[in-house]
Amino acid sequence: MNPQIDSIDFNERPFIAIWEVTQACDLACVHCRASAQPDRHPMELSTDEGKNLIDQIASLKVPVFVLTGGDRIKRPDLFELIGHAGSAGVRVSLTPSATPLLTRDIVVRLRDAGLARLAVSMDGASAETHDAFRGMSGPFARTLDAVRWANEIGLPVQINTTFSRRNISEIDAIVSLMRSLKITLWSVFFLVPTGRGKLNDLLNADEFEELFAKIYSLSKMVGFDIKTTEAQHYRRFLLQQRVAERQAGAGAAIVQGKAADAIGRAPHGLNDAKGFVFISHIGEVFPSGFLPLSAGSIRQQRLAEIYRESPLFRDLRDVSKLEGKCGSCEFKEICGGSRSRAYALSGNPHAEEPCCSYVPRGYVQPTDKVKTTKSLHVLQEA
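Given the structure is predicted, the values throughout are model-derived calculations rather than measurements.

### Looking at empty space enclosed by the protein
Line of reasoning, step 1. Applying the stated criterion across every chain, the model contains 4 cavities of 30 Å³ or more.
Line of reasoning, step 2. Of the volumes computed, that of the largest cavity is approximately 120 Å³.
Line of reasoning, step 3. Forming the boundary of the largest cavity are 14 residues, of which K325, C326, C329, C335 and C356 lie nearest the centre.
Line of reasoning, step 4. Residues that form the lining of the largest cavity fall into these classes: 7 nonpolar, 3 polar and 4 charged.
Line of reasoning, step 5. In this structure, the second largest cavity encloses a volume near 70 Å³.
Line of reasoning, step 6. Lining the second largest cavity, in full, are N271, K274, L316, V319, L322, K332, C335, G336 and R339.

Have a look at this one:
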């Protein structure tokens, strides 16, 4: 346990801050929340502005700082920014795109600049599936190369996988692939239909539960940690499973020798604006990269002020504002549902999680709550 992490007040500072350093990318991923394009935006935060942001992250003592994109390697000052973060005492994780720009030399330079963890995406168990996600051939092999290169130089590796209808049939093969690789963390993303993400690719509530079961079973057998993103109700599933195991007299087995996670894990339930903040390539501050509602800009206000005081962030941290099943749920303090997915499908960030099958005790579903696909509010280009 880390007392500094365990005592974090999510009203005062985030546990995770993500900076989208650029939206430029040569891939055209079918689920890209940013709808990334090949060229850099002329209004991207400058090197000095980036360093100032990093200094603000340091002053907030944010445990996890992630550089995302776009293709981060397209920023020529990337290594300078990572080095500045190290000098400021900020541990950095980076998620590069698996394009020809990602070479062994780049991975070594990232490690030498002070990168704490390399995170790569793997959305299929085969080149056919994974490369179809990316819109070009080659990323699957290049991703495996990056994992190998990082292993060779002692740089911890995280793999991100986004599940949708495009790859859910490969879940068992993907799990087998994860078990064959030397990684520290498997981060399982659940699709939010925004950007290029499509509603038709979204799993339904029952499929979420089935995937939760597979993740939970795997977590008891492997030597790496597993976390979920945009599946806040996995925490409810975890509690239910652990209670059931205690009642049956069977405790969850603890895998010995799990890979050390130097960056750390959140002590309690994160959610959009609740322990989490996203800074865009042009400095706008969002509750999440998947929730396109801006709370301000670091070009006008300090990050701490926006995170603590913006009406949007304060409202999203207030569970009394949750509606539908989420508002009545006994798990709302630790879960709260995906605010991003609720907004994508309804236009209301306080609406109930649309992909949760759990019915709170005593809750009666209103008859006018039944929706059809045609009535869903999907922000495809947000």
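### Thoughts on the pairing of strand 1 (residues 16-20)
Line of reasoning, step 1. Burial analysis of strand 1 places 5 of its 5 residues in the buried class, which makes it a mostly covered element.
Line of reasoning, step 2. Burial along strand 1 is two-sided: I16, I18 and E20 and A17 and W19, pointing in opposite directions, are all buried.
Line of reasoning, step 3. Bridge count for strand 1 against strand 2 (residues 64-68) is 5 bridges, and the pairing is parallel. By the bridge assignment, I16 is partnered in strand 2 with V64.
Line of reasoning, step 4. In the sheet, strand 1 pairs with strand 8 (residues 276-279) via 4 bridges, with the strands oriented parallel. Pairing of W19 across the sheet is with I279, part of strand 8.

### Section: the confidence of the model for the protein chain
Line of reasoning, step 1. Per-residue confidence for the protein chain averages 89 on the pLDDT scale, and 89% of its residues sit at or above 70.
Line of reasoning, step 2. A low-confidence stretch, residues 1-5 (pLDDT under 50), is modelled with 9 contacts involving residues beyond four sequence positions or located in other chains.
Line of reasoning, step 3. For the stretch residues 370-382, pLDDT sits under 50, and the model shows 32 contacts to residues farther than four places along the chain or on other chains.

### Topic: helix 3 (residues 78-87)
Line of reasoning, step 1. When helix 3 is considered as a whole, its buried residues turn out to be L78, F79, L81, I82 and A85. Within helix 3, the buried residues cover an arc of 160° as seen down the axis, which keeps them to one side.
Line of reasoning, step 2. Contacts made by the buried residues of helix 3 are with strand 1, helix 2 (47-60), strand 2, strand 3 (92-94) and helix 4 (104-113).
Line of reasoning, step 3. Note on helix 3: the residue one or two positions beyond its end, G89, has a positive phi of about 85°.

### As for the pattern of salt bridges
Line of reasoning, step 1. Scanning all chains against the criterion turns up 20 salt bridges.
Line of reasoning, step 2. E245 serves as the salt-bridge partner of K220, at 2.9 Å between the closest nitrogen and oxygen. Note that K220 is positioned in the loop between helix 8 (205-219) and strand 7 (225-229) and E245 in helix 9 (residues 234-247), a separation of 25 residues in sequence.
Line of reasoning, step 3. Under the relative-accessibility criterion, K220 is labelled partly exposed at 27%.
Line of reasoning, step 4. A salt bridge links R361 to E330, with the nearest nitrogen and oxygen atoms 3.4 Å apart. Linking R361 in the segment after helix 13 (339-346) with E330 in the loop between helix 12 (324-328) and helix 13, this pair joins segments that are 31 residues apart in sequence.
Line of reasoning, step 5. A residue is classified by how much of its surface remains accessible, and E330, at 32% relative accessible area, is partly exposed.
Line of reasoning, step 6. Put simply, R40, E44, R75 and D77 are held in one network by salt bridges that share partners.

### Some thoughts on the packing of helix 3 against helix 4
Angle between the axes and distance between the axes: these two values describe a pair of packed helices.
Line of reasoning, step 1. Packing of helix 3 against helix 4 leaves a shortest axis separation of 8 Å and a crossing angle of 25°. By the angle between their axes, helix 3 is roughly parallel relative to helix 4. Contacts from L78, F79, I82 and G83 of helix 3 reach helix 4 at I106, R109, L110 and A113.

### Considering the nonpolar core
Line of reasoning, step 1. Core analysis: the largest hydrophobic core is formed by 97 residues, its most contacted members being I159 and W186.
Line of reasoning, step 2. Apart from residues no more than four positions distant in its own chain, I159 is found in contact with V120, M122, V147, M178, L181, I183, L185, W186 and S187.

Cut-off values and rules
- Residues numbered from 1 in each chain as written.
- Predicted model: local features only at pLDDT ≥ 70, side-chain atom pairs only at ≥ 80, totals over all residues.
- Heavy atoms only, no water.
- 1 Å grid on protein atoms, 1.4 Å probe; cavity = no way out; pocket = protein on both sides within 12 Å on 5 of 7 lines; lining within 4 Å.
- Points joined across faces, edges and corners; volume = space filled by probe spheres on them.
- Nonpolar A, V, L, I, M, F, W, Y, C, P; charged D, E, K, R; others polar.
- Buried < 20%, exposed > 50% of the residue type's maximum accessible area, 1.4 Å probe, protein only.
- Helix = DSSP H or I, 4+ residues; strand = E, 2+ residues; numbered from the N terminus.
- Pairing = 2+ DSSP bridges.
- pLDDT = per-residue confidence, 0-100.
- Contact = heavy atoms within 4.5 Å.
- Arc of directions from axis to C-beta.
- Salt bridge = Lys/Arg side-chain N within 4 Å of Asp/Glu carboxyl O.
- Axes fitted to C-alpha atoms, helices over the stretch in contact; angles between N-to-C directions.
- Parallel < 35°, antiparallel > 145°, perpendicular 65-115°, else oblique.
- Core = buried A, V, L, I, M, F, W, Y, C linked by side-chain atoms within 4.5 Å.

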